[in-house]
Amino acid sequence: MRPRAQIIQKGNKSMAFSLKGVHVPHRKNTADMPALRMDPPKTVTIPMSMHIGAPAKPTVKVGDEVKVGTLIAEAGGAVSAPIHASVSGKVSKITDFLLSDGRTVPAVILESDGSMTPEPSLAAPTVDSRESFIEAVKNAGIVGLGGAGFPTHFKLNVDPEKIEYLIVNGAECEPYVTSDTRTMLDRASDMEIALEAMKTYLGIKKIVIGVENNKKSAIASMKELKARICDSCDVQVKSLPAIYPQGGEKVLIYHTSGRAVPTGKLPIDVGCVVINCTTLAAIGEYLRTGMPLVEKCVTVDGGSVKEPKNVIVPIGTAMSEVFDFCGGFSTEPSKIVYGGPMMGITVPDASAPVMKNTNAILALTAKDIRLPKFTACIRCGTCTNTCPFGINPANIERAYHKRNTVALSELGLTSCMECGCCSFVCPANRPLVQTNRLAKALLREEQAKEGSKS
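Residues numbered from 1 in each chain as written. Predicted model: local features only at pLDDT ≥ 70, side-chain atom pairs only at ≥ 80, totals over all residues. Heavy atoms only, no water.

Participant: Please provide a residue-by-residue account of the packing of helix α4 (residues 188-201) against helix α5 (residues 216-229), values included.
Facilitator: In contact at an axis separation of 10 Å, α4 and α5 are set at 40 degrees when each is read in the N-to-C sense. In terms of orientation, α4 and α5 fall into the oblique class. Read as a crossing pair, α4 and α5 show a hand that is right-handed. Where α4 abuts α5, its residues Ala188, Met191, Glu192, Leu195, Glu196 and Lys199 lie against Ser221, Met222, Leu225, Arg228 and Ile229. By residue class, the composition of the contact of α4 with α5 is six nonpolar, one polar and four charged. (Axes fitted to C-alpha atoms, helices over the stretch in contact; angles between N-to-C directions. Helix = DSSP H or I, 4+ residues; strand = E, 2+ residues; numbered from the N terminus. Parallel < 35°, antiparallel > 145°, perpendicular 65-115°, else oblique. Left-handed = near helix turned anticlockwise from the far one by under 90°. Contact = heavy atoms within 4.5 Å. Nonpolar A, V, L, I, M, F, W, Y, C, P; charged D, E, K, R; others polar.)

What follows is the structure, given as structure tokens:
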């Protein structure tokens, strides 16, 4: 049976939003491994941009003493997030730092004293209204922890009357990554605290927790959570098909609520707010303890890792130290990646730090990544048949090489979520998702030129 499709509008045109995707190898090697906490490193490097939006602004200077949870940077704007010290010690340097995406931002380097002494002024926040709840989420420095890194307080600061569904993202569809699975198994009580607060202060009436059906233990844990919170709220736990990219925001919304988010619109425009399960747990922990976001559970895996694990890591810890905690490398990795192999970002070397939105670090062998040479497009249509949004990456590729920005706009390029399904299935091994990214940059450049003329 062909997947159902819902037609959504794009300008004066329409495009099909359909239940498509690919079956990727799961490789959930660490799903049954509770997270282990590593000792604090000697230094941490904390970039001021670990979220979508404006970089944070340092509030400390070299030589300042800090404790775990001390504010070291304030939000740089409405769409930004504050940053806190992940170790106790002192500020040793404030310097420019090159991110994996090529941007240069300030970074605060902390020298740890090894004691992990908490900031003495920390206390559970007083929350008694919608405004104080959103302010608490902001003060905690919480951003989307599934990988996107969007400041959570900004996402939640919408008209409560528009929220029909709160959708909890527990899909975790990327190969290898199991840190969200561990959240659902080990931190359900913190998720419960956050959900109760959202029911009270945001007026949430319907909650849907979406989990892929290959995570039986997590589904069972979420059903137990549902039983505890469904007295005054309609709560559903949906077992979703284990198909990538199930965790994509628009895909998840459609699979859980049946609603399609039109091109150029936000989830709230169809009455939905989506929040990752680990983001939810971080909110609950802050409401319970007053400790802001200073550490992350990351999955450490890949063919080069001797002892794959889930590890609780102070934010800013160098990847190399986390890999050492996992026994080091059995073979020299061909590629080191933030996140999963489908949408993850390659880092130049293992000195790159764990950041707020890091859910996994992978050390992949040449066999893991296998990048054969690409050949000519055979016009088979497999990329379009697989794309969750029904766009045609092959046509986009041709339009990009012709620098035809009009065609790029008409082909629905901006709907691409860069999930990589097209590249994964292409029999000619075309670099389709990479070309889509380049095409988006070309389109932005052209739009900027047109804007400057008007």
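Participant: Could you give an account of the sheet that holds strand β17 (residues 335-338), naming the residues involved and the relevant values?
Facilitator: One open sheet accounts for six strands, arranged β3-β16-β15-β19-β17-β18; its pairing is mixed. Where the open sheet ends on each side, the last strands, each with one partner, are β3 (36-37) and β18 (345-347). In terms of strand pairing, strand β15 (residues 295-301) meets strand β16 (residues 309-314) through six bridges, oriented antiparallel. What sits directly across from Glu295, in β16, is Pro314. (Pairing = 2+ DSSP bridges.)

Participant: Please set out the packing of α4 against helix α7 (residues 277-289) residue by residue, giving values where relevant.
Facilitator: Packing of α4 against α7 leaves a shortest axis separation of 7 Å and a crossing angle of 85 degrees. With respect to α7, the element α4 is oriented roughly perpendicular. On α7, the residues touching Asp190, Met191, Ile193, Ala194, Leu195, Ala197 and Met198 of α4 are Cys277, Leu280, Ala281, Ile283, Gly284, Glu285, Leu287 and Arg288. Residues belonging to the contact of α4 with α7 are distributed by class as follows: eleven nonpolar, one polar and three charged.

Participant: So what's going on with the pairing of strand β19 (residues 360-364)? Residues and values would help.
Facilitator: Within β19, five of the five residues are buried, which leaves the element mostly enclosed by the surrounding structure. Looking at chain direction, β15 and β19 are connected through three bridges and run parallel. Residue Asp301 lies in a different strand from β19, and its bridge partner there is Leu362. The sheet contact formed by β17 and β19 spans four bridges and is antiparallel. Directly across from Lys335, in β19, lies its bridge partner Leu364. (Buried < 20%, exposed > 50% of the residue type's maximum accessible area, 1.4 Å probe, protein only.)

Participant: An account of unusual backbone geometry is needed here, citing residue identities and associated values.
Facilitator: With an omega dihedral of 5 degrees, the bond running from Tyr244 to Pro245 counts as a cis peptide bond. One can find Pro245 in the loop between β13 (234-240) and α6 (249-257). For Arg379, which is not glycine, the phi dihedral falls at a positive 55 degrees. For Arg379, a relative accessible area of 61% puts it in the exposed group. The backbone of Glu418 shows a phi angle near 60 degrees, a positive value even though the residue is not glycine. Of note, Glu418 is situated in the loop between α12 (405-410) and α13 (421-425).

Participant: Residue-level account of the nonpolar core, with values.
Facilitator: Among the nonpolar cores identified, the biggest contains 85 residues, and Phe133, Met198 and Ile207 are the most heavily contacted of them. In terms of residue count, the dominant contributor to this core is α7 (seven residues). Within the second largest apolar cluster, 13 residues are counted, among which are Tyr400, Leu408, Leu413 and Ala439. (Core = buried A, V, L, I, M, F, W, Y, C linked by side-chain atoms within 4.5 Å.)

Participant: Give a description of helix α3 (residues 179-186) that names residues and reports values.
Facilitator: The buried fraction of α3 is high, at six of eight residues. Among the residues of α3, those classed as buried are Ser179, Asp180, Thr181, Arg182, Thr183 and Met184.

Participant: So what's going on with α4? Residues and values would help.
Facilitator: Taking 1.5 Å of rise per residue, the 14 residues of α4 would be expected to cover 20 Å, and the 20 Å separating its terminal C-alpha atoms lies within 8% of that figure. Burial in α4 covers these residues: Ala188, Asp190, Met191, Glu192, Ala194, Leu195, Ala197, Met198 and Lys199. After α4 finishes, the residue Gly203 shows a positive phi value of roughly 70 degrees. (Expected span 1.5 Å × (residues − 1).)

Participant: So what's going on with the pattern of salt bridges? Which residues, and what values?
Facilitator: Enumeration according to the criterion identifies 16 salt bridges in this entry. Here Arg259 ties to Glu164 by a salt bridge, and the two come within 2.9 Å at their closest N and O atoms. On the criterion of sequence distance, the pair formed by Arg259 in the loop between α6 and β14 (272-276) and Glu164 in the loop between α2 (152-156) and β11 (165-170) is long-range, its members being 95 residues apart. For Arg259, a relative accessible area of 24% gives the class partly exposed. Judged by its relative accessible area of 37%, Glu164 falls in the partly exposed class. Counted as one network, the salt bridges with shared partners bring together Arg187, Asp190, Glu285 and Arg288. (Salt bridge = Lys/Arg side-chain N within 4 Å of Asp/Glu carboxyl O.)

Participant: Residues and numbers for the packing of aromatic side chains, please.
Facilitator: For the structure shown, the criterion picks out three aromatic pairs. Note on Phe133 and Tyr201: the rings are 6.2 Å apart at their centroids and 25 degrees apart in plane angle, and the pair reads as stacked. Of this pair, Phe133 sits in helix α1 (residues 130-139) while Tyr201 sits in helix α4, and the two are 68 residues apart along the sequence. By relative accessible area, Phe133 is classed as buried at 0%. Classification of Tyr201 as partly exposed rests on a relative accessible area of 23%. Ring centres of Phe323 and Phe329 lie 4.9 Å apart, and the angle between their planes is 55 degrees; on these two criteria the pair is classed as tilted. Taking the relative accessible area as the measure of exposure, Phe323 reaches 1% and is therefore buried. Assessed through its relative accessible area of 28%, Phe329 is described here as partly exposed. If you follow Lys309 out to its NZ or CZ, it ends over the ring of Phe325, 6.0 Å from the centre. Taking the ring centre of Tyr400 as reference, the NZ or CZ of Arg403 above it sits at 4.5 Å. (Phe/Tyr/Trp six-rings, centres within 6.5 Å; stacked < 30°, edge-to-face > 60°. Lys NZ or Arg CZ within 6 Å of the ring centre and 35° of its normal.)

The values reported here are purely geometric and, on their own, carry no functional implication.
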